[in-house]
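# Working through the structure, step by step
Residues per chain are reported as follows:
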Amino acid sequence: MAASPHSTTASSGTSNQGWREYLGVFRYSRRAIELVWQTSRLLTVVLATGTLIAGLLPAAAAWVGQLIVDGVVAAIDANAGIPADLLWLVALEGGIMMGIAGAQRAIQIAQSLLRAQLGQRVNVMILEKAQSLELADFEDSEFYDKLTRARREASSRPLSLVNRTFGLIQNGISLASFAGLLLGFSPWAVAILVAAGLPQFFSEAKFSGDAFRLFRWRSPDTRRQMYLETVLAREDSAKEVKLFELGPLFLQRYRDIFKRLYREDRRLTLRRDLWGFGLGLIATLAFYGTYAWIVVTTVAGQITLGQMTMYLSVFRQGQSAVSASLTAISGMYEDNLYLSNLYEYLEQPITVGSGEATAGADPGDGLRFESVSFRYPGSELDALSDVSLHLTPSRSIALVGSNGSGKTTLIKLLAGLYAPSSGRILLDGTDLRDWDSSALRERIGIIFQDFMRYQLPVGENIGAGDVAHFSDEERWQRAARKGLAETFIEDIPGGYHAQLGRWFRDGRELSGGQWQKIAVARAFMREGADVLVLDEPTAAMDAAAEAEIFEHFRALTEDRMAILISHRFSTVRMADEIIVMDGGRIIERGNHDSLLAENGHYARLFRLQAAGYQ
Ligand code: ADP
């Protein structure tokens, strides 16, 4: 859910809530680290060790630096040549620097390797989850939003959060070790270092939190913008956009959305940076105040020159560690946004059919709808109400009705893509809910009017109808023959292995009617299916080709159950039973002649179409 930007402000709760608000930046760090740990233990260990070393060594270098300066001063005073110790110390500092470089390089290597592995892992998690979801989930815009956002940044965000968390730990370790050294000068200096950083820390945490909420709140706008981008720049929409000259209109909308988003961004950026600057000044003042203090103390002879060098370097590095932490924090909020979205998506409850039946209680009974009603989620009207029908093997039904009368919905319920809101659907006497989902799918072959045009070779486009025989070339050919696609496929250079679609090299585009023949062939891939459904996949063919396909279809499905949806009466009249639907209800049923004799809805539609042909 996109939270309103005002619903959870820090000021609205108790101080406890306020704290939690600030600590929200760590909300998903644990889960991100878990994810990285599960992806590769070795790399995580390398990352953690590198972080620890890179955090500790800078303080060690500062310490050795102090010894060197003091050694130099002592040597000059003693005027007794160059002590060997001193050179060893220089070598030691060089060694420490190499150690830092090595640790940083190890961190980098671990990060790049993890990035690739983690991206793959998260993508697979997302896609696996997508397999287990219901169709209804994909039609829910908010859910779809989550899915798209989760996929978009899958490869970078989890690792980024881990990097920033580790970066923060590294800077924290450095800070603690610097503070340890500074204690030798004065506990007050440590207090100043921390106190000067705190206001900036809190302001950064607050503004990052605001940015986080702003992001969530306006995600519908961002999604709309993304959609416009897609429409303006994709091959499948280019034709209409050009023809209708929609480009400028859509582009203007795209700009307007940007302007609105930009106004909010500017406000936040200005406030954030002005505060950042003001509070940063405090830190600078504190630094130079302490600088003066250290200088005065050195001149007074209370600390050595070496110590002065060390304290100054520690103090300066301490401050850059503070500001690096601030940057990490503001990035962490964005990463959190991504991860919250990812986990919301992954935690979507699964509601797949849990049945186990692989055969019906009453084999041969066929398909029954018993007072089935259905309403789409979020809709106010029933798409189907009180539908009852019985289809036995070797019989066929044609569904007739105007657009939106519920024909496709009926088929989707039959396919188990949705469950009825009330009533039952039985196959061979067993409720669809009790069927094992893959046993059920094997029994039913369906081609929808909006069938997929896969950017795959011709043969695989047909093979998609039955994954168990996806690459079975003989079956492709049998199916193509039944779908009347054989002749034109043989004319394509490359035949069954010709790439279809324009996305990949040498892909060729088919005409609408040719694609539909491929789709019909796809339905015939399921040789074991005893319920075959064609939901208007032939609308782009000419009437003669459609009639030929259906005649053929009937002959090939003699002992099976067939359901056809078509607007052409030449086709519809071939069915044993014609079911006329309107507004989700069955209003007439019978065969062609009896329905004409009834002189109702069907007869009227038939005369309209017949008149059109005269
Ligand atoms: P037909 O196939 O007869 O043209 P449909 O079964 O596709 O009709 O649609 C029946 C009704 O259900 C229509 O009013 C349509 O608006 C609605 N509908 C179809 N699909 C969805 C959906 N995914 N979500 C909500 N309503 C839908």
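Residues numbered from 1 in each chain as written. Predicted model: local features only at pLDDT ≥ 70, side-chain atom pairs only at ≥ 80, totals over all residues. Heavy atoms only, no water.

Per an unreviewed UniProt entry, the chain goes by the name ABC transporter permease and belongs to Spiribacter curvatus. Its UniProt record gives the chain the following Subcellular location (unreviewed entry) comment, quoted word for word: "Cell membrane". (UniProt positions renumbered as here; feature names shortened; annotations may be inferred.)

Moving on, we get to a nonpolar patch on the surface. Nonpolar side chains collect at one region of the surface, where Leu-52, Ile-53 and Leu-56 lie side by side and expose about 250 Å² of accessible area between them. The partly exposed category is assigned to Ile-53, whose relative accessible area is 36%. (Patch = residues over 30% accessible without salt bridge, like charges linked within 9 Å, V, L, I, M, F, W, Y side chains within 5 Å. Areas by Shrake-Rupley, 256 points an atom, 1.4 Å probe, with all protein chains shown as cover. Salt bridge = Lys/Arg side-chain N within 4 Å of Asp/Glu carboxyl O. Buried < 20%, exposed > 50% of the residue type's maximum accessible area, 1.4 Å probe, protein only.)

This next bit is on the layout of surface pockets. Estimates place the volume of the second largest pocket at around 490 Å³. Lining the second largest pocket are 14 residues, with Tyr-144, Thr-148, Met-226, Tyr-227 and Thr-230 sitting closest to its centre. Of all the elements in the fold, those that place two or more residues in the lining of the second largest pocket are α6 (141–152), α9 (219–233) and α10 (235–243). Looking at the lining of the second largest pocket element by element, the count peaks at seven residues for α9. (1 Å grid on protein atoms, 1.4 Å probe; cavity = no way out; pocket = protein on both sides within 12 Å on 5 of 7 lines; lining within 4 Å. Points joined across faces, edges and corners; volume = space filled by probe spheres on them. Helix = DSSP H or I, 4+ residues; strand = E, 2+ residues; numbered from the N terminus.)

What follows is about the pairing of strand β4 (residues 422–427). Note that strand β1 (residues 367–374) and β4 share five bridges and pair antiparallel. Bridge pairing links Leu-367 to Leu-427 in β4. The sheet contact formed by β4 and strand β5 (residues 430–431) spans two bridges and is antiparallel. Pairing of Leu-426 across the sheet is with Asp-431, part of β5. Where β4 hands over to β5, the hairpin turn is made up of two residues, of which Asp-428 adopts a positive phi near 50°. (Pairing = 2+ DSSP bridges.)

Let us look at the side chain of Gln-200. Positionally, Gln-200 belongs in helix α8 (residues 187–217). In contact with Gln-200, other than residues within four places in its own chain, are Gly-276, Leu-279, Gly-280, Ala-283 and Leu-326. (Contact = heavy atoms within 4.5 Å.)

Another point: the side chain of Thr-297. Examined against the element boundaries, Thr-297 turns out to sit in helix α11 (residues 247–299). What makes Thr-297 buried here is its relative accessible area of 8%. Discounting residues that sit within four places of it in the chain, Thr-297 has contacts with Phe-185, Gln-302 and Ile-303.

Turning to the sheet that holds strand β7 (residues 531–535), a few remarks are in order. Pairing is mixed in the open sheet, where six strands are placed in the order β6-β7-β8-β3-β9-β10. Only two strands of the sheet have a single partner each, and these edge strands are β6 (444–447) and β10 (585–590). Within the sheet, the average angular offset between the axes of one strand and its neighbour, ignoring direction, is 15°. Where β6 lies against β7, four bridges are found, and the strand directions are parallel. When the sheet's bridge partners are listed, Ile-444 is paired in β7 with Val-531. Across the sheet, helix α13 (residues 407–414) touches β3 (396–400), β6, β7, β8 (561–565) and β9 (577–582), and the angle it forms with β8 is around 150°. (Axes fitted to C-alpha atoms, helices over the stretch in contact; angles between N-to-C directions.)

Here we come to the nonpolar core. Considering soluble globular proteins, one finds that nonpolar side chains tend to be buried as a cluster. Core analysis: the biggest nonpolar cluster contains 34 residues, and Leu-47, Val-122, Ile-126, Tyr-338, Leu-339, Leu-342 and Tyr-345 have the highest contact counts within it. Within the residue set of this core, elements represented by two or more residues are α2 (29–39), α3 (41–78), α4 (84–131), α6, α7 (157–183) and α12 (305–346). For this core, the element with the highest residue contribution is α12, accounting for nine residues. When residues no more than four places from it in sequence are discounted, the contact partners of Val-122 are Leu-35, Ala-154, Pro-158, Tyr-338 and Leu-342. By size, the runner-up hydrophobic cluster in this structure holds 33 residues, among which are Leu-484, Ala-498, Ala-545 and Phe-553. (Core = buried A, V, L, I, M, F, W, Y, C linked by side-chain atoms within 4.5 Å.)

Let us now look at unusual backbone geometry. With phi around 45°, Ser-371 is a residue other than glycine that occupies positive phi space. Within the secondary structure layout, Ser-371 lies in strand β1. The phi angle at Leu-484 is positive, at roughly 60°, despite the residue not being glycine. Here Leu-484 shows up in the loop between α16 (473–482) and α17 (486–491).

This part takes up the domain arrangement of the chain. Once the domains are mapped, the chain shows domain 1 (27–186 + 278–347) and domain 2 (367–612). Here the C-alpha centre of domain 2 lies 60 Å away from the C-alpha centre of domain 1. (Domains from an automatic or database assignment.)

Glancing now at the packing of aromatic side chains. One pass over the full model with this rule turns up 14 aromatic pairs. Ring geometry for Phe-569 against Phe-606: centres 5.5 Å apart, planes inclined by 80°, an arrangement best described as edge-to-face. With Phe-569 in helix α20 (residues 569–572) and Phe-606 in helix α22 (residues 601–613), the pair connects residues that are 37 residues apart, well separated along the chain. Like Phe-569, the residue Phe-606 is buried in the burial classification. Members of the aromatic cluster, connected to one another through ring pairs, are Phe-287, Tyr-288, Tyr-291 and Phe-315. (Phe/Tyr/Trp six-rings, centres within 6.5 Å; stacked < 30°, edge-to-face > 60°.)

On to a positive patch on the surface, then. Among the surface-exposed residues, Arg-255, Lys-259, Arg-263 and Arg-266 lie close enough to one another that they form a single positively charged patch. When you line up the elements, Arg-266 lands in helix α11. (Lys, Arg positive; Asp, Glu negative; His and termini not counted. Charge placed at Lys NZ, Arg CZ, Asp CG, Glu CD.)

Right, let's talk about the sheet that holds strand β2 (residues 384–391) for a bit. Sheet architecture is open: four strands sit in the order β2-β1-β4-β5, paired in antiparallel fashion. With one partner strand each, in any of the chains shown, β2 and β5 form the two edges of the open sheet. One ladder, built from five bridges, connects β1 with β2; its direction is antiparallel. Its bridge partner lying in β2, Val-372 is registered against Val-387. Across the sheet, α13 touches β1, β2 and β4, and the angle it forms with β1 is around 120°.

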